[in-house]
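Residues per chain are reported as follows:
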Amino acid sequence: MQPYRIIDCHVHDHLELACIRGYQLLIETSDGDITATAITLTTGADKCEYLTVKNEAGEQAIRLDHILAITPLSQGATFDRVVIAAAKKPRED
């Protein structure tokens, strides 16, 4: 697995807001797109950050540095599509 790359703070703020407001999101990843409701942000035992989402397939955790972009699908969302750019250097533990 690749070293975790910290995401920019302003992007993290959008993800937190999506979780607080329960936004339905289109989440673009390198493995494909996911449509799901944002639930929470967590830090795993591996010290990587994850976005937990829920859809008809159930809950899943997506590593933040694997997300390419998010687009809120919920009506009245306070932000548009956000491209997630990983930090240039991996986190050093």
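Residues numbered from 1 in each chain as written. Predicted model: local features only at pLDDT ≥ 70, side-chain atom pairs only at ≥ 80, totals over all residues. Heavy atoms only, no water.

Focus: the sheet that holds strand 6 (residues 67–72)
Alright, step 1. Spatially, 5-4-3-2-6-7 is the arrangement adopted by the six strands of the open sheet, whose pairing is antiparallel. Of all the strands in the sheet, just strand 5 (58–63) and strand 7 (82–83) have a single pairing partner and so form its edges.
Alright, step 2. Pairing geometry for strand 3 (residues 32–43) and strand 4 (residues 49–55), over six bridges, is antiparallel. Following the sheet pairing, Ala38 is matched in strand 4 by Val53.
Alright, step 3. In the packing of helix 1 (residues 9–21) onto the sheet, contacts are made with strand 2 (24–29), strand 3, strand 4, strand 6 and strand 7, and the angle to strand 3 comes to roughly 95°. (Pairing = 2+ DSSP bridges. Helix = DSSP H or I, 4+ residues; strand = E, 2+ residues; numbered from the N terminus. Contact = heavy atoms within 4.5 Å. Axes fitted to C-alpha atoms, helices over the stretch in contact; angles between N-to-C directions.)

Quick word on the side chain of Thr52
Alright, step 1. On the secondary structure map, Thr52 appears in strand 4.
Alright, step 2. On the accessibility criterion, Thr52 (12% relative accessible area) is buried.
Alright, step 3. Contacts of Thr52, omitting those with residues within four sequence positions, involve Thr37, Ala38, Ile39, Thr40, Thr42, Glu59, Gln60 and Ala61. (Buried < 20%, exposed > 50% of the residue type's maximum accessible area, 1.4 Å probe, protein only.)

A word on the confidence of the model for the chain
Alright, step 1. Per-residue confidence for the chain gives a mean pLDDT of 89, with 89% of residues at or over 70.
Alright, step 2. Here strand 8 (residues 86–90) stands out as the least confident element of the chain, with mean pLDDT 40; strand 4 is the most confident, with 97.
Alright, step 3. Confidence drops under pLDDT 50 across residues 86–93; counting only partners more than four residues distant or on other chains, this segment forms 14 contacts. (pLDDT = per-residue confidence, 0-100.)

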